[in-house]
Amino acid sequence: MSDPKSPGTDTEANSWATGTNPAVHSIYQRLVAARPETAGHVANAASDGAESDRLPDQVTEGLTRVPYPALLIVQIVGTDLRCDGTDPQHYPEFRDNVTKAVHTVLKASPNATVVLIGDPGRPASYAKVIAAQPTTPKDFIANRPCFLFSANKTINHVEVARVTTLLAAYEAQQARACQGLRQCHTDGGAAARMELGIGEYSEDFLHPSISGHAHTAAAEWPVVASALGLG
């Protein structure tokens, strides 16, 4: 999604977490600089749009490539939003999926560090950036729950508030997966505090561009470094 030459395709090299593109300066690249022995020991089992029910299998897949990871990064909040009134009923399932993934990694690699990442940015700042564009994408507009625009360049503030509340609720459920586990950390709201500019989104205005991935890596590295005891 971040490569303008390959729109609609995930480009792992540009990943803020595991990428190798120097322009991103990913978490992986920063970790290798701090701990050279981690070079080459990296796996990205994420897939665009995957919901939390796929997370345990993704972790298992990652472990086939890196059996004893030093670090697990999970960013899953956002794709599970239902927006049909059933989200509260879905919270326990979401939490259990994240918990299962965390425990799977720690069972395989007891000394691993786990960092759970929130959804990047908040709907209000995102909607403001999109509304500033000459035309709002048509598929962003609808008078339905969780659509942030009711008309061209017209923000639906009620839905902005709804999505903001839902994201916070899922992030709270995700944090509960860390309870009682000294190796498990949240990002403390680092992702939520991000404000991406229009140039930090790809052409679909949904996924981060290369500079957006770089922004995310820079925002999350202090959290990861602290969790790993790197200062």
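Described in the following lines is the structure provided in the data block. (Residues numbered from 1 in each chain as written. Predicted model: local features only at pLDDT ≥ 70, side-chain atom pairs only at ≥ 80, totals over all residues. Heavy atoms only, no water.)

Along the backbone of the chain there are six helices and five strands. Secondary structure elements of the chain occur, N-terminal to C-terminal, as α-α-β-α-β-α-β-β-α-β-α. Scaling as 2.2 N^0.38, a compact globule of 231 residues should have a C-alpha radius of gyration of about 17 Å, and the chain matches this with 18 Å. Overall, the C-alpha framework of the chain stretches about 50 × 40 × 30 Å when taken along its three principal axes. Classification of the 231 residues of the chain by burial places 48% in the buried group. For the chain, long-range pairs separated by at least 24 residues make up 61% of all intrachain contacts whose partners lie at least 6 apart in sequence. Accessible surface computed for the chain: about 11300 Å², of which carbon and sulfur atoms make up 55%. Of note, the chain has its 18 positive side-chain charges centred 4 Å away from the centre of its 24 negative side-chain charges. (Helix = DSSP H or I, 4+ residues; strand = E, 2+ residues; numbered from the N terminus. Rg over C-alpha atoms; globule rule 2.2 N^0.38 Å. Buried < 20%, exposed > 50% of the residue type's maximum accessible area, 1.4 Å probe, protein only. Contact = heavy atoms within 4.5 Å. Areas by Shrake-Rupley, 256 points an atom, 1.4 Å probe, with all protein chains shown as cover. Lys, Arg positive; Asp, Glu negative; His and termini not counted. Charge placed at Lys NZ, Arg CZ, Asp CG, Glu CD.)

Before going further, it helps to spend a moment on the state of the cysteines. Under the criterion given, the structure shown has two disulfides. Cysteine 83 shares a disulfide with cysteine 146; S-S distance 1.9 Å. Here the S-S torsion is close to -90 degrees, and the disulfide linking cysteine 83 with cysteine 146 is therefore left-handed. Of the two residues, cysteine 83 sits in the loop between β1 (71-75) and α3 (87-108) while cysteine 146 sits in the loop between α4 (123-131) and β3 (149-151), which places them 63 residues apart along the sequence. Disulfide pairing places cysteine 178 opposite cysteine 184 at an S-S distance of 2.0 Å. Between cysteine 178 and cysteine 184, the S-S torsion sits near -65 degrees, and that sign places the bridge as left-handed. Cysteine pairing in the chain follows 1-2, 3-4, where each cysteine in a disulfide is numbered by its order in the sequence. (Disulfide = S-S within 2.5 Å.)

Attention now moves to the nonpolar core. One finds Val98, Val102 and Leu116 to be the most contacted residues of the largest nonpolar core, which totals 40 residues. Elements with a minimum of two residues in this core: α2 (55-65), β1, α3, β2 (113-117), α4 and α5 (157-176). Tallying contributions element by element places α3 first for this core, with seven residues. Beyond its immediate stretch of four places on either side in the chain, valine 102 contacts Val114, Leu116, Leu181 and Cys184. If you look at the next biggest cluster of nonpolar residues, it comprises 16 residues, including Leu31, Val115, Ala225 and Ala227. (Core = buried A, V, L, I, M, F, W, Y, C linked by side-chain atoms within 4.5 Å.)

Right, let's talk about a negative patch on the surface for a bit. Residues Asp53, Asp57, Glu93 and Asp96 make up a contiguous surface patch of negative charge. Within the element layout of this structure, aspartate 96 appears in helix α3. On the basis of relative accessibility, which here comes to 46%, the residue aspartate 96 falls in the partly exposed class. (Patch = residues over 30% accessible without salt bridge, like charges linked within 9 Å, V, L, I, M, F, W, Y side chains within 5 Å. Salt bridge = Lys/Arg side-chain N within 4 Å of Asp/Glu carboxyl O.)

Tallied over the full model, the rule gives three aromatic pairs. Look at tyrosine 91 and tyrosine 170: their rings are 5.0 Å apart centre to centre, the planes differ by 90 degrees, and that puts the pair in the edge-to-face class. Pair noted here: tyrosine 91 is in helix α3 and tyrosine 170 is in helix α5, with a separation of 79 residues, a long-range link. For the pair tyrosine 91 and tyrosine 170, a shared accessibility class is recorded, and that class is buried. (Phe/Tyr/Trp six-rings, centres within 6.5 Å; stacked < 30°, edge-to-face > 60°.)

You will see that cysteine 83, though not glycine, has its phi angle at about 60 degrees, which is positive. Positive phi outside glycine occurs at phenylalanine 205, with the angle close to 60 degrees. Its location among the elements puts phenylalanine 205 in the loop between β5 (184-186) and α6 (210-227).

Looking now at the environment of threonine 113. Along the chain, the position of threonine 113 falls in strand β2. In the structure, threonine 113 is positioned 72 residues away from histidine 185 in sequence and 7.9 Å away in space, judged by C-alpha atoms.

For any two helices packed against each other, one specifies the crossing angle of their axes together with the interaxial distance. Where α3 meets α5, the closest approach of the two axes is 8 Å, and the angle between their N-to-C directions is 35 degrees. Of the two elements, α3 crosses α5, and the hand of that crossing is right-handed. When α3 is examined against α5, the residues Asp87, His90, Tyr91, Phe94, Arg95 and Val98 are found in contact with a partner set consisting of Leu166, Ala169, Tyr170, Gln173, Gln174 and Arg176. Residue classes in the contact of α3 with α5 are distributed as six nonpolar, three polar and three charged. (Axes fitted to C-alpha atoms, helices over the stretch in contact; angles between N-to-C directions. Left-handed = near helix turned anticlockwise from the far one by under 90°. Nonpolar A, V, L, I, M, F, W, Y, C, P; charged D, E, K, R; others polar.)

Honestly, that's just the spatial picture; any functional story needs more than this.
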